[in-house]
Every structure is written in C-alpha cells, then in structure tokens.
Amino acid sequence: SVCDALAGGQLRSDATVPSVFISSRMRKLAQQWDLAQLWEAVQSKTSNLWSTLAITALHPQVGVPLTKLEEELAFIRQAVPDHVMCDWPPSLQSTCSAWYLCGHTEGLALNISEMSWTGLHLAVLNGCSTHAMGKLLIAHGVPYVACWPGPVPDDVAAVFGTCFIQECIEEFEVEAAFDNALKSIEHLHSPPVLLSSRDKPAFVRRCKFKLTRALLDIVEYDSNQPGGAQEIKRRICAVKDIAPKRYHHALDAVLAAMRGKSNTPGIYRGVLHEMMLNSVVSAYEPTPKRQRCFE
C-alpha cells in the first residue's frame with residue numbers, strides 16, 4: 001500500500017521499465033535487508049502485478065565460440081529470476097512484458113504473423129543489424145525497442161546487454177536505463193539505438209533515489225565516534241553535488257552549525273530527515289494520504 005501510494009502513478013507510466021525489473025530490484029533489496037522470505041510472500045499474493053522476461057538465444061554456426069553468449073545469458077538469468085526461455089520464432093506468454101534477443105542475428109527476419117505477444121513493453125534486440133526488426137515491432141505497437149543498426153562484436157554486445165538489463169533493474173525509466181548503459185560502450189562509432197512508439201518522451205515524475213540513499217547514509221551514520229564530525233561534514237559536502245539547488249541553503253546551514261564541533265549530537269538529523277521526506281514525496285504531488293503513508 002505504501003509503494004502504491006507513493007509511486008502508483010510512476011509504476012503505471014508508459015515510460016517505466018517493465019515490472020519484471022522492478023520485482024528483481026525489490027528481491028535484491030529484500031535479500032540485502034534479510035527480508036527475502038517476506039518479499040516472496042508479498043510477490044506471491046500480488047502475482048498478477050508482476051511480469052516475466054522472455055529470453056531468446058540464437059546459437060551461432062558450428063565452430064563459432066559461445067563464451068560471450070553463455071556469459072551474457074548466465075548474467076541475465078541470475079539478475080532476472082522471473083524469466084522464461086523462448087525458441088525462434090518466439091511465442092511470448094501473456095505475462096511477458098520484456099523480450100531479450102541475443103546471439104547471431106545478422107540476416108534474421110521477423111515474421112509478425114509467426115510471432116505472438118500480449119502486453120510486450122520492451123524488446124532488447126541485442127544482435128547485429130536488428131534495426132529493421134526493431135522498426136517492425138514499433139510499428140506494431142511495442143513502446144520501446146533497443147536494437148543495433150549494424151554489425152557489433154560479440155563482446156561489445158554482451159557488455160551493453162548486461163549493462164542495460166542491470167540499469168533497468170536500478171532505474172525506473174527505460175530511457176534513463178538506456179542512456180546509462182550507453183556509457184559502457186562510449187568508444188563505439190555505431191552504438192545501439194532506442195526506438196520508441198511515443199511521439200516524444202513523456203514527462204515522468206520520479207523520486208531522487210540517489211539523493212534519498214545518500215541522505216539515509218548520513219542519518220544512519222554514528223557521528224559520535226572518533227572523527228565522526230569530519231566524516232559527516234564530508235558526506236554532506238558530497239550530497240551537495242547531487243542535491244537540487246533548493247537544498248543547498250539548508251545543507252550550508254547544517255555545516256555552519258557544525259563548525260568547530262568535535263562531535264555532532266544529532267543537530268543535522270532533523271534537517272536531513274525533512275529533505276529525505278521532500279525528495280521522495282514531492283516528486284509525486286504529495287497529498288495528506290501519501291504524506292502519512294511515507295511517514
């Protein structure tokens with residue numbers, strides 16, 4: 001209920017990554033916090049909300065090494081447990097909201113009449129010369145398709161594909177995940193492209209999760225230990241680099257209040273707690289109900 005109140009509109013936006021990646025992120029966080037069993041129980045009771053990832057791996061001809069393809073598949077299977085393997089041509093289940101194609105795809109043609117899908121939201125065509133196939137999927141209503149306009153080495157495709165899947169898990173927006181994944185292959189002259197059936201990018205209200213995490217780290221840090229005050233000051237200065245300018249005055253005031261002190265008896269916690277509240281809730285047009293849910 002809290003997640004829905006805070007981010008219901010966000011998670012239902014067309015620009016949001018498929019829910020299979022969001023559930024992978026939730027599972028990862030639950031494991032870090034030793035709440036894996038709780039998350040499994042939540043997911044089982046809300047199974048209709050979560051989708052799956054379909055994976056199609058096209059094996060090369062005899063004599064072509066499979067090392068990079070096998071590493072790529074192993075990473076994706078581990079990162080996204082809710083997946084199904086599909087042969088070519090793919091017949092995707094109704095629960096599949098994302099499709100990942102990898103392997104040797106050059107010269108491959110997609111016959112829409114042979115392919116079935118319902119609710120496909122994102123296709124990742126991670127192989128050589130898949131641009132025409134991507135345009136065909138876009139023309140038939142798939143919102144987002146990542147594809148390659150020309151040939152691509154196996155190792156480069158594997159790096160991009162694994163980075164893109166990882167960014168889809170970390171990010172909430174398809175376009176942001178794609179842009180971050182491109183940084184892993186910046187040296188390429190012919191990088192992959194992200195096709196979209198949208199006329200223009202949608203404005204998505206999104207929480208500043210990086211800022212929230214940084215603020216949480218400061219609040220949870222024990223500043224009364226030796227050198228604690230200096231460490232808190234260092235962390236607050238680092239937060240300024242990612243915080244919107246409207247927060248800078250409050251951060252400067254905290255630093256001024258701490259000047260000359262060898263320890264910090266929580267003088268900064270109230271201000272940072274308020275910033276954390278604003279950084280999450282203000283992104284979603286807060287209402288009294290959402291404010292109470294967050295608190």
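Values in this document were obtained by computation on a predicted structure and should not be read as measured data. (Residues numbered from 1 in each chain as written. Predicted model: local features only at pLDDT ≥ 70, side-chain atom pairs only at ≥ 80, totals over all residues. Heavy atoms only, no water.)

Trainee: Help me get a handle on the overall build of the chain, residues and values and all.
Mentor: The helix and strand inventory of the chain stands at 12 helices and 6 strands. Within the chain, buried positions represent 44% of all 295 residues. Sequence-distant contacts, at least 24 apart, represent 65% of the contacts inside the chain between residues at least 6 apart. (Helix = DSSP H or I, 4+ residues; strand = E, 2+ residues; numbered from the N terminus. Buried < 20%, exposed > 50% of the residue type's maximum accessible area, 1.4 Å probe, protein only. Contact = heavy atoms within 4.5 Å.)

Trainee: Can you tell me about helix α6 (residues 154-170), naming the residues and giving the values?
Mentor: The first and last C-alpha atoms of α6 sit 24 Å apart over 17 residues, in line with the 24 Å expected at 1.5 Å per residue. Among the residues of α6, Val156, Ala157, Ala158, Phe160, Gly161, Thr162, Phe164, Ile165, Cys168 and Ile169 are the ones counted as buried. Taken together, the buried residues of α6 touch α2 (19-32), α4 (67-79), β3 (96-103), β4 (122-126), β5 (144-147) and α7 (174-182). (Expected span 1.5 Å × (residues − 1).)

Trainee: Before we move on, could you go through the side chain of Ser97 and cite the residues and values that matter?
Mentor: The topology assignment puts Ser97 in strand β3. Ser97 has contacts with Pro18, Ser19, Val20, Ser51, Thr52, Gly119, Leu120, His121 and Leu122, leaving out every residue within four places of it along the chain.

Trainee: Just give me the short version of the confidence of the model for the chain, but keep the residues and values in it.
Mentor: With 77% of its residues at a pLDDT of 70 or more, the chain shows a mean pLDDT of 77. Averaged pLDDT values for the elements of the chain fall to 47 in helix α1 (residues 2-11) and rise to 95 in β5. Below pLDDT 50 for its whole length, residues 5-10 participates in 16 contacts with residues either more than four positions away or in separate chains. Contacts from residues 199-208, a stretch scored under 50 in pLDDT, to residues over four places away or in other chains number 20 contacts. (pLDDT = per-residue confidence, 0-100.)

Trainee: Run through helix α10 (residues 248-258), naming residues and quoting values.
Mentor: Because an α-helix packs 3.6 residues into every turn, residues spaced three or four apart end up facing the same way. Turning to α10, its buried residues number three or more, namely Leu251, Val254, Leu255 and Met258. Buried residues along α10 cover an arc of 95° about the axis, so they all sit on one side. (Arc of directions from axis to C-beta.)

Trainee: Explain the packing of α4 against α6 residue by residue, including any values.
Mentor: Direction vectors running N to C along α4 and α6 enclose 5°, while the axes themselves pass 9 Å from each other. Here α4 is positioned roughly parallel relative to α6, judged by the angle of their axes. Residues Lys68, Glu72, Phe75, Ile76 and Ala79 of α4 touch α6, and the partners they reach there are Asp154, Asp155, Ala157, Ala158, Thr162, Ile165, Gln166 and Ile169. Within the contact of α4 with α6, the residues separate by chemical class into 7 nonpolar, 2 polar and 4 charged. (Axes fitted to C-alpha atoms, helices over the stretch in contact; angles between N-to-C directions. Parallel < 35°, antiparallel > 145°, perpendicular 65-115°, else oblique. Nonpolar A, V, L, I, M, F, W, Y, C, P; charged D, E, K, R; others polar.)

Trainee: An account of the side chain of Thr56 is needed here, citing residue identities and associated values.
Mentor: Along the chain, Thr56 turns up in strand β1 (residues 52-58). Its relative accessible area of 1% is what places Thr56 among the buried residues. A distance of 3.2 Å separates the side chain of Thr56 from the backbone oxygen of Cys86, its partner in a polar contact. Beyond its immediate sequence surroundings of up to four residues, Thr56 is in contact with Cys86, Asp87, Trp88, Pro90, Trp99, Tyr100, Leu101 and Cys102. (Polar contact = N/O pair within 3.5 Å; in protein donor to acceptor, adjacent residues only side chain to side chain.)

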